[in-house]
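# Descriptive structure summary
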Amino acid sequence: MAIRITKDADLTHLNTLGLPAVTSYLVEIFSINDLHELSREGFFEKENPFILGGGSNILFKKNLSRPVLKISIPGISVTEEDDDTALIESGAGENWHNLVFRTVDYHYGGIENLALIPGTVGAAPIQNIGAYGVELEQVFESLHCFDLRDHSEKIYRHSDCGFGYRDSIFKRELKDRVIITKVFLRLKKKNHTPNTSYHALATYLENRKITSPTIRDVYEAVVAIRRSKLPDPVLLGNAGSFFKNPVVEKSVHQRICIDYPDIPSYPVADGSIKIPAGWLIEKAGWKGKKVGNVGTYSNQALVIVNHGGATGDEIYQYAMRIRESVKNMFGVELVPEVNIVE
Ligand SMILES: Cc1cc2nc3c(=O)[nH]c(=O)nc-3n(C[C@H](O)[C@H](O)[C@H](O)COP(=O)(O)OP(=O)(O)OC[C@H]3O[C@@H](n4cnc5c(N)ncnc54)[C@H](O)[C@@H]3O)c2cc1C
């Protein structure tokens, strides 16, 4: 497929918050060769494009003053396998859930807990997507990218990516500097032990008397739980969790515990404590609240929703008010998980 260029493109349907934003040029590419072609034509010398996947982790604050480069590189295949594992190669433009669905169909284990996360495969390593006790980095082998600094193709292996909680080198030092074109994941064909450590998942399986869950059992449980908890962006615009769960020092946690002994908390390896941002936001009185066209989802305070007709700036201002009240009440600074695009 040839490079597709749309002038004065409306991005409303290309971001899951459903925010109206316009760009002077939307350029959609379908292969690595398209990127080389754009490079030969001097596109990257003249422009500093915003790189777009499925638009499920971004907030367009206003119209964009730069072109948007949509990555739609397709293709899923098994490139290598042995008795125990399979190496899956996926184009960056593939839909993440579609990849999960296909691997579950093959009985390959490793990403079943990450079912129904919206967006593309290419964006998955950027914030090291995670859900229900599993993070992408646990199966990640490597990725290919196009480096915008010297227009060359490069490979990043696991150890090069600096993965952390909803974090990687691509969200920091390499932000806007590389375009991820392909991702390689190592999945298990044999002896896979499904991860059911997450409380809601374990309870769901227990209630159905599933004591030795298969990969498909876990996949189906995750899909059912997510459908019951999270709003479908097609029906109610949202970008999933708006903030990261804060990780605080033990002393901060102890201080909060004096006034709020029921605070849920999860110890982190370095001795600090992770607190669910949704709990803090709920305690600060924002769950189910609505201000103008913007609100907080009634079943999950961590999700900010567009009730229809909201602008990016309205959503941003609402999020900042939440951040301020949590800071005033608990002395904890929330950090957005969503990428704010100025
Ligand atoms: C309902 C809902 C539920 C969600 N649940 C979860 C969850 O459980 N866990 C979780 O981790 N996330 C979750 N998310 C967030 C989101 O789905 C993920 O962050 C996803 O990986 C974003 O993919 P995307 O293709 O939509 O990226 P986009 O939103 O298009 O882009 C995100 C960032 O990555 C950059 N980018 C995108 N593609 C590329 C590329 N090929 N090369 C270089 N840079 C690129 C963009 O410039 C931007 O900075 C949820 C979102 C929604 C709407």
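Above this text sits the structure in question.
Residues numbered from 1 in each chain as written. Predicted model: local features only at pLDDT ≥ 70, side-chain atom pairs only at ≥ 80, totals over all residues. Heavy atoms only, no water.

## A look at the packing of aromatic side chains
- Under the definition given, this model contains 13 aromatic pairs.
- Pairing Y132 with Y198 gives two aromatic rings, centres 4.9 Å apart and planes at 65°, and the pair type is edge-to-face. One end of the pair, Y132, is in the loop between β8 (130-131) and β9 (134-135); the other, Y198, is in the loop between β12 (178-188) and α4 (199-207), with 66 residues separating them in the sequence.
- When the ring of F242 is compared with that of F243, the centres are 5.2 Å apart and the planes differ by 65°; the resulting orientation is edge-to-face.
- F243 gets classed as buried once you look at its relative accessible area, which sits at 1%.
- Taking NZ or CZ as reference, K61 lies 3.9 Å from the ring centre of Y316, over its face. (Phe/Tyr/Trp six-rings, centres within 6.5 Å; stacked < 30°, edge-to-face > 60°. Helix = DSSP H or I, 4+ residues; strand = E, 2+ residues; numbered from the N terminus. Buried < 20%, exposed > 50% of the residue type's maximum accessible area, 1.4 Å probe, protein only. Lys NZ or Arg CZ within 6 Å of the ring centre and 35° of its normal.)

## Here we look at the side chain of S272
- Along the polypeptide, S272 turns up in the loop between β15 (266-267) and β16 (273-274).
- Polar contacts involving the side chain of S272 include one to the side chain of D270, which spans 2.4 Å.
- Setting aside residues no more than four positions away along its own chain, S272 makes contact with V247, V248, E249, Y266 and P267. (Polar contact = N/O pair within 3.5 Å; in protein donor to acceptor, adjacent residues only side chain to side chain. Contact = heavy atoms within 4.5 Å.)

## With respect to the pattern of salt bridges
- Within this structure, the stated rule accounts for 19 salt bridges.
- For R186, the salt bridge goes to E80, with nearest N and O atoms at 3.2 Å. With R186 in strand β12 and E80 in strand β6 (residues 76-81), the pair connects residues that are 106 residues apart, well separated along the chain.
- Judged by relative accessible area, R186 falls into the partly exposed class, the value being 23%.
- Judged by relative accessible area, E80 falls into the partly exposed class, the value being 42%.
- Close ionic contact of K190 with D84 constitutes a salt bridge, the shortest N to O distance being 3.8 Å. (Salt bridge = Lys/Arg side-chain N within 4 Å of Asp/Glu carboxyl O.)

## Thoughts on the site of the ligand
- Taken together, the neighbourhood of the ligand is formed by 34 residues, with I51, G54, S56, T120 and R226 sitting nearest.
- With respect to the ligand, the side chain of T120 contributes an N or O atom lying 2.7 Å from an oxygen atom.
- Within the contact set of the ligand, a nitrogen atom lies 2.8 Å away from a backbone nitrogen or oxygen of G130.
- Elements represented by at least two residues in the shell around the ligand include exactly β3 (50-52), β8, β12 and β13 (237-241). (Near = heavy atom within 4 Å.)

## Topic: the sheet that holds β16
- Reading across from one edge, β14-β16-β15 is the order of the three strands in this open sheet, with antiparallel pairing throughout. Across the chains shown, the open sheet's two edge strands, defined by having one partner strand only, are β14 (247-248) and β15.
- Looking at chain direction, β15 and β16 are connected through two bridges and run antiparallel. Residue Y266 lies in a different strand from β16, and its bridge partner there is K274. (Pairing = 2+ DSSP bridges.)

## Brief notes about the nonpolar core
- The biggest cluster of nonpolar side chains holds 43 residues, and the ones touching the most others in it are W96, I111, F170 and L185.
- Mapped onto this core, the elements with two or more residues apiece are β7 (85-91), α3 (96-105), β10 (140-147), β12, α4 and α5 (215-229).
- Among the elements that make up this core, the one with the highest residue count is α5 (seven residues). (Core = buried A, V, L, I, M, F, W, Y, C linked by side-chain atoms within 4.5 Å.)

## With respect to the pairing of strand β19 (residues 303-306)
- The alternating pattern of β19 places V303 and V305 and I304 and N306 on opposite faces, both of which are buried.
- Pairing of β13 with β19, which is carried by three bridges, proceeds in the antiparallel orientation. Bridge pairing in β19 places S241 opposite V303.
- Strand direction decides the pairing type here: strand β18 (residues 294-296) and β19, joined by three bridges, are antiparallel.

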